[in-house]
Amino acid sequence: MRILITLLVGAAGLLAQGTTPDMLLKPPADSWPAYHGDYSGRRHSSLTQITPENVRNMGLAWAFQTGQTQTLKCSPLLVDGVLYITAPDNVWAVDARSGHQIWHYAYPKNDGFHIGSRGVSMYGNWIYFMTPDAKLICLNSKDGTVRWNIAVADSAKGYWTTMSPMIIGNHVIVGVSGDFDNLNGFLKSVDPETGKTQWRFDSTPPAGTPDATTGGMTWMTGTYDPAAKLLYWGTGNPTPVLTGKKRPGDDLYTCSILALDPETGKMVWHFQASPHDTHDWDAVEIPVLVDADFHGTPRKMLMQTSRNGYFFVLDRITGENLLTTTFGPTNWATGVDKKGQPIPNPAKEPAPDGRLIAPDEGGLTNYRSPSFDPKTGLFIVDAHPSYGIYFAKPADGDFGWAGADYGVWGKGVLEAIDYQTGKMRWTHELGPNGAGAGVLTTDSGLIFTGDAQGSVLALRTSDGKTLWHAGAGGSMQSSPITYELDGRQYVVTSAGGVLFSWALPER
Amino acid sequence: MVSFLCRTLPIVLALPCLGRAQTVEAGRSQFQQQCAFCHGKDSAGGEDGPDLTRSKLVAEDVKGDKIGPVVRNGRANTGMPRFNVSDQELASLVAFIHTQKTLAESQNGKRRGVETADLRTGSVEKGKQYFNGTGNCAACHSPTGDLAGVAKRNDGLKLMERLMYPRGAKSKMTVTLPSGESVTGETAYQDEFTVALKDASGRYRSWDASKVKATVDAPAEAHVELLAKYTDDDIHNLMAYLLTLDKENK
């Protein structure tokens, strides 16, 4: 008996060790230990307690009020029964069972862009958080105290940071933002213990290189194939943003999907979603990793619904293109080249008298996560069919934005794409302007997302039918997560500055 | 007296004692943090947000009387969020925005933004043909009726935006209740679950969408169908034509 107790205590002790490499490779049901949950970026959970049959009984378990007017844009992290959520300058540790606050960390006032914070990451018991003024902060997960604080980039030059760092082995991988100045984009790997740089990958040449682009920011968390030992990362648009004259050619490696060696940062292959972009269409949307048949052959694939309106399926080992198609209105390309990359139409570059462009600058989708459901083979994405007008003239110069654009019309549609053909199996209207919510699927055949008018939705994956909804009083600008604690499945969503946890009634 | 209070009661009164330069600087800092992503670092336009140095609302603003309500309430249909700012913070923001406007107006060239003159590249004649022909605009609009003076009421960019899609256009909703009774009014709200209208008396009435039958007559939605059909020339020709409609009906 004593031996058994010792073993149990030992096991519980081990459980409270924060994250481990094994946990990140195979997240247990009672955790969501990284931005996407696992490394694949599918935002799919194997949990099945909440089903299409019983979801109508789902109700509020708890809500957590940040007390901020800033909309939550983070994907919560869950480790050892504690949720970690963020807003710019703020990290909260929240009890995942009850929703009460354990600690709150507030970063000192700073002049960086407070545009969003997409969450923290965890290595052992250490939390990694990025700030509006481009710092990476290491916090103690037990009490939110600062261990160290390093500059990732120079915020005085115009860089800022928003992303949830990515942990692979003993690497903390961090990216940067900065579209309002001509700055080069890069990705860095940092030592989790010391904050020292391990490697740096530059997506564009240094500012000032003749005829070369800047930009290619790295502001969204990537995905990882542990078997192939490849890290996948999307890069942002080139700068100057709306005029391409000063940066002739494709502007590599902007608007690209990159495969990198996470040990060295060396690039293995690249695929450019938007060669010579002039519409601000970052290709940072989640590179989703799927192992399945493609037209009868087993494939290791990477799929992306890109902001520019194209859906790409690639062989993720070689970078070979398997499918390129659109998933809504697009009018800016003349076709697709032999590598599967869209060919931009010069007549659709911003002009002094305006050009009508589909999609608008926000894109046909944006950074919130899509989800891949393995049972149905459906890629579920929050789409934004839209049009905008784009202007640029010599007087706008060639620095930063260098032009102007205005959205004229848009709406939100949830789309279920058959990855083998790119065709829609079904669509579900989400309302005017656009929803912008992330998507979660579960093995029971459910989708959780939000509409354009503040409702949280549970839909049936097979046909997109609404099975449950609740008005949350604000738009969902984050991606949902789910976990199971003490035998109860929770689905966590946000609206405005409030976090909601939904569950079936307690028995 | 003021300076004495500033020195002796720094916590309570420090902010109201700020000079104009300091107020503008405080506004700049706040603008960088909360506003610059959408409106640009210099407030002359960034991602999504308009150029505030040429905004009509900013031009008409006196000490925040127009800017304040927009900052504090947001604008749901354009994506402008609401911000919880103190009176002092708002005053700083407003001071910064007005300073930027003055600065922008004093510069030649190096300006973003869209001049009406930029938008006159099309053919008036072809625009008129499109209006009466392919575009079928004449089915709903008349140059001597609803569109008389449209170019006077809207500057070039606003006109172009409204030509493509008249945001906020009213539509009519008819709701048939289970009893067979039918109610008609201006559409007030519609999603998958709830429909609502403002009836003839101005009263807001809403229903569970699954319990009633609602039909919406929204003629402005015809603009959406045209978005997929326009060439850029069609738009510039239409603009050239609409810009000639600058006289109001007497």
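Our subject is the structure listed above.
These numbers were taken from a predicted model, which means no experiment stands behind them.

1. Quick look at the interface of chain B and chain A
- Between chain B and chain A, the contact holds 41 residues from the first and 39 residues from the second.
- Elements supplying a minimum of two residues to the side of chain B that touches chain A: α3 (20-34), α4 (36-39), α10 (156-164), α11 (222-227) and α12 (232-242) of chain B.
- Looking at the side of chain B that touches chain A, the element that brings in the most residues is α3(B), giving 4 residues.
- Across the side of chain B that touches chain A, the residue classes tally to 15 nonpolar, 13 polar and 13 charged.

2. Here's the deal with the packing of helix α8 (residues 124-132) of chain B against α12(B)
All names here are of chain B.
- The contact between α8 and α12 brings their axes to 7 Å, and the two run at 100°. The angle between α8 and α12 places the two elements in the roughly perpendicular class. For the pair α8 and α12, contact is made by Val-124, Lys-126, Gly-127, Lys-128, Tyr-130 and Phe-131 and by Asp-234, Asn-237, Leu-238, Ala-240 and Tyr-241, respectively.
- Across the contact of α8 with α12, the residue classes tally to 6 nonpolar, 2 polar and 3 charged.

3. Overview of α10(B)
- Among the residues making up α10(B), those that are buried are B:Gly156, B:Leu157, B:Leu159, B:Met160, B:Leu163 and B:Met164. End-on, the buried residues of α10(B) take up no more than an arc of 160°, which puts them together on one face.
- Summarising the contacts, the buried residues of α10(B) are in contact with β30 (386-391) and β31 (404-418) of chain A together with α9 (150-153), α11 and α12 of chain B.

4. Things to note about the nonpolar core
- Counting 142 residues, the largest nonpolar core has A:Ile127, A:Tyr128, A:Met303 and A:Ala458 as the members making the most contacts within it.
- Among the elements that take part in this core, helix α7 (residues 87-105) of chain B stands out by supplying 6 residues, more than any other.
- With sequence-adjacent residues up to four places away left out, A:Ile127 is seen in contact with A:Tyr84, A:Val91, A:Val120, A:Met122, A:Leu139 and A:Ser141.
- Among the nonpolar cores identified, the runner-up in size contains 35 residues, and A:Leu242, A:Ile357, A:Ala402 and B:Leu243 belong to it.

Rules used throughout
- Residues numbered from 1 in each chain as written.
- Chains lettered and ligands numbered in written order.
- Predicted model: local features only at pLDDT ≥ 70, side-chain atom pairs only at ≥ 80, totals over all residues.
- Contact = placed C-beta atoms within 7 Å.
- Helix = DSSP H or I, 4+ residues; strand = E, 2+ residues; numbered from the N terminus.
- Nonpolar A, V, L, I, M, F, W, Y, C, P; charged D, E, K, R; others polar.
- Axes fitted to C-alpha atoms, helices over the stretch in contact; angles between N-to-C directions.
- Parallel < 35°, antiparallel > 145°, perpendicular 65-115°, else oblique.
- Buried ≥ 20, exposed ≤ 12 C-beta atoms within 10 Å, placed from the backbone.
- Arc of directions from axis to C-beta.
- Core = buried A, V, L, I, M, F, W, Y, C linked by C-beta atoms within 7 Å.

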